[in-house]
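# Remarks on the overall topology
Each chain, letter by letter, is given below.
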Protein chains: 2
Amino acid sequence: MADIDRLSMNQVTLLEQCTMPQFLDVLARNDVRLASLWRDKTREHGVERTAALVRERGIALSGYCWGGLLTSADPHEARTRRDDMRRAIDEAAMLGSPCLVFVAGGVDAREKSVPDARRRALEGLAGIVSHARGAGVKIALEPLHPMICATRSVLSTTKLANDWCDALDADDVFGIAIDVYAVWWDPDIEAEIARAGKRVCAFHVSDWLADTQDLRLDRGMMGDGVIDIPRLRRAVEEAGYTGPIEVEIFSSRNWWRRDPDEVTGVVRERFASAV
Amino acid sequence: MADIDRLSMNQVTLLEQCTMPQFLDVLARNDVRLASLWRDKTREHGVERTAALVRERGIALSGYCWGGLLTSADPHEARTRRDDMRRAIDEAAMLGSPCLVFVAGGVDAREKSVPDARRRALEGLAGIVSHARGAGVKIALEPLHPMICATRSVLSTTKLANDWCDALDADDVFGIAIDVYAVWWDPDIEAEIARAGKRVCAFHVSDWLADTQDLRLDRGMMGDGVIDIPRLRRAVEEAGYTGPIEVEIFSSRNWWRRDPDEVTGVVRERFASAV
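Here's what I pulled together on the structure shown here. (Residues numbered from 1 in each chain as written. Chains lettered and ligands numbered in written order. Predicted model: local features only at pLDDT ≥ 70, side-chain atom pairs only at ≥ 80, totals over all residues. Heavy atoms only, no water.)

Before going further, it helps to examine the overall build of chain A. Helix and strand content of chain A: 11 helices and 8 strands. Taken over the C-alpha trace, chain A has a radius of gyration of 18 Å; the compact-globule value for 275 residues is 19 Å, and the two agree within 12%. For chain A, the spread of C-alpha atoms along the principal axes amounts to about 45 × 40 × 35 Å. If you average the places of the 36 positive and of the 44 negative side-chain charges in chain A, the two averages end up 3 Å apart. (Helix = DSSP H or I, 4+ residues; strand = E, 2+ residues; numbered from the N terminus. Rg over C-alpha atoms; globule rule 2.2 N^0.38 Å. Lys, Arg positive; Asp, Glu negative; His and termini not counted. Charge placed at Lys NZ, Arg CZ, Asp CG, Glu CD.)

Laid out in structure tokens, this is it:
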């Protein structure tokens with residue numbers, strides 16, 4: 001069983017119900033002290049105002065979601081995305097977030113080349129090392145599920161995240177975020193988490209529903225699906241990670257339609273019984 | 001460009017439109033000489049009647065889909081599934097199909113253990129070696145997309161298929177079916193196809209649509225998605241596979257709603273331009 005003090009609420013879990021102040025109020029009412037902020041919501045409220053509000057409420061951040069999409073084959077688009085990535089790093093620093101989650105970007109449909117998309121994402125990361133180091137923000141490379149490889153992320157496995165970290169050779173700047181939803185099926189997951197070791201800088205939980213109906217927005221509450229979450233938690237702990245455990249549930253047909261205090265109550269219960 | 005003589009139509013591509021005789025008529029009208037049969041359709045028409053019809057029409061089979069689901073933790077269910085697998089092998093032999101496609105089965109939701117499900121699938125395969133050898137039917141281990149790991153197949157990567165073949169140590173009985181839809185995202189795909197070498201005994205094509213809306217039934221026609229199919233075709237050819245190329249498109253919102261001769265015409269065109 002995971003210690004409830006490690007519970008961090010990812011803002012996306014209450015994406016449809018709450019503005020930024022409402023989200024922080026829900027956390028306060030339900031005694032949740034850690035959060036990961038969603039970038040759209042943060043910018044909507046204003047980055048500086050959000051930073052002040054977070055400090056005022058005594059919330060510690062476990063992450064900021066997200067920057068990236070560095071796979072475009074078009075030079076103008078690519079430059080725009082790199083600029084945006086640097087802005088996201090600056091925002092994370094301003095908010096006091098220890099890390100910025102990195103989402104690689106999908107396959108450029110104009111060229112249909114996964115290897116080229118991967119090469120460009122890696123080159124893009126190499127290009128932001130000094131900026132991230134200067135800002136004191138860790139870039140959390142997050143392997144995402146292969147089912148969103150086309151549109152969202154060509155970083156499809158933890159092995160590839162480790163390979164990229166090896167190539168970047170800057171473990172002070174790059175870490176790896178392990179999201180159980182993205183990696184639970186991977187035959188090599190335990191070996192690759194062990195290989196990651198101290199690179200693991202974030203751990204995200206939710207569950208895979210047997211009757212999943214959407215490729216992005218149908219995640220389940222911990223305990224409602226088929227993922228052996230405690231096994232993966234123990235794996236990251238054995239690798240040396242004992243930090244926040246973020247609950248990140250995209251759920252357009254269920255949890256996004258419920259009262260935010262109800263959702264947070266269930267999250268607390270399930271954190272104790274299924275994480 | 002792939003030689004049109006290698007075109008094999010998987011019956012599932014016309015699943016909703018045709019009975020078995022209608023399917024074989026469509027192939028004849030459109031000069032397609034190879035096919036892979038779907039088991040439900042075959043049993044609906046009768047295995048012996050289908051075998052006679054296939055011979056009569058001069059159709060050569062490239063495969064029979066499918067047998068498996070050997071992951072249940074329940075001994076009674078497991079026995080029932082092993083018996084069914086042996087029947088599927090016998091049916092494939094009766095039909096004159098060189099191989100039976102193997103679908104491993106998903107995670108048993110009662111225990112939530114992917115490693116245990118994989119162990120049982122592998123044990124199940126070990127238990128049918130002599131039966132398959134006696135029937136002269138190759139078992140084509142088909143890695144399926146990780147997004148159907150929970151419900152359909154814990155055999156999620158080509159690396160794992162190779163590992164299983166190593167463990168089974170019976171390359172006269174087991175081969176590997178490469179379906180571009182299931183493996184295109186895999187960072188190790190080219191290395192694992194090279195490692196498979198002569199194990200590759202089937203090659204299936206379709207395409208991944210950028211706006212995929214369903215986890216199983218929304219495959220695209222070759223050329224309509226983001227998969228670099230020729231790259232994967234060259235990889236299996238370099239591994240030594242020069243056999244039939246099966247078109248296998250599950251498409252409840254598009255191709256299953258169209259006239260079967262129209263679909264087959266488009267398949268022939270795209271086989272020339274996008275495979």
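Having seen the structure, we can now continue with the description.
Moving on: the layout of surface pockets. Approximately 310 Å³ is the volume attributed to the largest pocket. If you trace the largest pocket, you find 24 residues lining it, with T157 of chain A together with D186, P187, D188 and I189 of chain B closest to the centre. Elements with a minimum of two residues in the lining of the largest pocket: α5 (114-126) and α7 (158-168) of chain A together with α9 (189-196) of chain B. Split by residue class, the lining of the largest pocket holds 11 nonpolar, 2 polar and 11 charged. Of the voids in this model, the second largest pocket is the one considered here, and its volume is about 210 Å³. Every element with two or more residues in the lining of the second largest pocket is listed here: α2 (39-45), β3 (60-68) and α4 (75-95) of chain B. The element best represented in the lining of the second largest pocket is α2 of chain B, accounting for 3 residues. (1 Å grid on protein atoms, 1.4 Å probe; cavity = no way out; pocket = protein on both sides within 12 Å on 5 of 7 lines; lining within 4 Å. Points joined across faces, edges and corners; volume = space filled by probe spheres on them. Nonpolar A, V, L, I, M, F, W, Y, C, P; charged D, E, K, R; others polar.)

With that settled, the discussion passes to the relation of the copies chain A and chain B. Put simply, the second copy of the chain is the first one after a rotation about an axis and a shift along it. Once chain A has been moved 0.0 Å along the axis and rotated by 180°, it coincides with chain B to within an RMSD of 0.0 Å. Accordingly, the operation relating the two chain copies is best matched by a two-fold axis. Of all interface residues in chain A, 100% are interface residues in chain B too; the two copies therefore contact each other through one and the same surface. (Least-squares fit on C-alpha atoms with pLDDT ≥ 70 in both. Contact = heavy atoms within 4.5 Å.)

The next point concerns the interface of chain A and chain B. Taken together, the contact between chain A and chain B spans 34 residues of the former and 34 residues of the latter. At the boundary of chain A with chain B, the tally comes to 2 salt bridges. Secondary structure elements with two or more residues in the side of chain A that touches chain B: α5 and α7 of chain A. At 3 residues, α5 of chain A tops the list of elements feeding residues into the side of chain A that touches chain B. Of the residues in the side of chain A that touches chain B, the class split is 17 nonpolar, 8 polar and 9 charged. (Salt bridge = Lys/Arg side-chain N within 4 Å of Asp/Glu carboxyl O.)

Residues and elements named next belong to chain A. Within helix α3 (residues 47-56), burial applies to V47, T50, A51, L53 and V54. Projected down its long axis, α3 shows its buried positions confined to an angular sector of 165°, all on one face. The exposed residues of α3 that point more than 90 degrees off its buried face are E48, R49, R55 and E56. Turning to α3, the residues buried within the fold contact α1 (20-29), β2 (34-38), α2 (39-45), β3 (60-68) and α4 (75-95). Residue G58 follows α3 closely and has a positive phi angle near 70°. (Buried < 20%, exposed > 50% of the residue type's maximum accessible area, 1.4 Å probe, protein only. Arc of directions from axis to C-beta.)

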